[in-house]
Amino acid sequence: CRGYELFVRVLAYTGMRWGEATAVRVRRVDLMRRRIEVEHTAVELNGEMSYGTPKTHQRRSVPLPRSLVDELARHIAGKRPDDLVFTTPRGDVMRNHNFRSRVFVPAAKGIGMPGLTPHDLRHTAASLAVQAGANVKAVQRMLGHASAAMTLDVYAGLFNYGLDAVA
């Protein structure tokens, strides 16, 4: 995804939804704490962008991997606090349909993964978090699910590592 590599890695490592990631303002990035505060989501309706609350209507703090901090710091350097963190190369709001058709779909095909979507990167983030030892409550909070039960319903297969310990 030439030009959008950082954006794609942020999706894959934080589990933010497309609209959440494209609505993040610079002031909501805390590089010292390695957190991104999700407080809005961007939605395109009839060609117009609007901003609302996230899917669960709750703000959340999403952990940011150390490996992305320096690159994100360079990316937001010189931007004002209310500027969007991720934009098109011209500085416009990123639109899901345009990004998918022009950037993501060709890149996914290029790596032999046709059918991969930006939303699939949430599953990548959940898998990586569980593999790193995160418990279901941490994954729930990271992804912004309303309940741990919902997280387990979607990602139950990821939590099988504990069966040997129980035995």
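Residues numbered from 1 in each chain as written. Predicted model: local features only at pLDDT ≥ 70, side-chain atom pairs only at ≥ 80, totals over all residues. Heavy atoms only, no water.

Engineer: Looking at this structure, I do not really get the nonpolar core. What am I missing?
Structural biologist: Within soluble globular proteins, side chains that are nonpolar generally end up buried alongside one another. F7, M16, I36, L72, V85, F86 and F99 are the most contacted members of the largest nonpolar core, which has 37 residues in total. Only helix 1 (5-14), helix 2 (18-23), strand 2 (35-38), helix 3 (66-76), helix 4 (96-110), helix 5 (120-131) and helix 6 (136-143) provide two or more residues apiece to this core. With 6 residues, helix 1 is the largest single contributor of residues to this core. Excluding residues that lie within four positions of it along the chain, F99 makes contacts with Y4, F7, V8, W18, M94, F104 and P118. (Core = buried A, V, L, I, M, F, W, Y, C linked by side-chain atoms within 4.5 Å. Buried < 20%, exposed > 50% of the residue type's maximum accessible area, 1.4 Å probe, protein only. Helix = DSSP H or I, 4+ residues; strand = E, 2+ residues; numbered from the N terminus. Contact = heavy atoms within 4.5 Å.)

Engineer: Would you mind showing me how to read the pairing of strand 4 (residues 48-52) here?
Structural biologist: Consecutive side chains along a regular strand alternate between the two faces of the sheet. With 5 bridges joining them, strand 3 (residues 41-45) and strand 4 adopt antiparallel strand pairing. Within strand 4, the residue paired with T41 across the bridge is G52. Counted between consecutive antiparallel strands, the loop separating strand 3 from strand 4 contains 2 residues, among which N46 sits at a positive phi close to 55 degrees. (Pairing = 2+ DSSP bridges.)

Engineer: Help me out: how do you make sense of the packing of aromatic side chains in this one?
Structural biologist: Geometry of an aromatic ring pair is reported as the spacing of the ring centres plus the angle between the planes. Tallied over the entire structure, the rule returns 6 aromatic pairs. Residues F7 and W18 carry aromatic rings whose centres are separated by 5.2 Å and whose planes lie at 90 degrees to one another, so their mutual orientation is edge-to-face. With F7 in helix 1 and W18 in helix 2, this residue pair connects regions lying 11 residues apart in the sequence. An identical accessibility class is assigned to F7 and W18; each is buried. Both rings, one in F7 and one in F86, keep their centres 5.1 Å apart while their planes meet at 65 degrees; by these two values the pair is edge-to-face. Remark: F86 occurs in the loop between helix 3 and helix 4 and F7 occurs in helix 1; sequence separation between them is 79 residues. Residue classification places F7 among the buried residues on the basis of a relative accessible area of 2%. An aromatic cluster is present here, built from Y4, F7, W18, F86, F99 and F104 joined pairwise through their rings. Looking at R25, its charged tip hangs above the ring of Y51, at a distance of 5.3 Å from the centre. (Phe/Tyr/Trp six-rings, centres within 6.5 Å; stacked < 30°, edge-to-face > 60°. Lys NZ or Arg CZ within 6 Å of the ring centre and 35° of its normal.)

Engineer: What am I meant to see in the sheet that holds strand 1 (residues 29-30) here?
Structural biologist: Two strands in a sheet stick together by hydrogen bonds in their backbones, pointing the same way (parallel) or opposite ways (antiparallel). An order of 1-2-5 is seen for the 3 strands of this open sheet, with the pairing classed as antiparallel. The outermost strands of the open sheet, each flanked by one partner alone, are strand 1 and strand 5 (60-63). One ladder, built from 2 bridges, connects strand 1 with strand 2; its direction is antiparallel. Following the sheet pairing, V29 is matched in strand 2 by I36.

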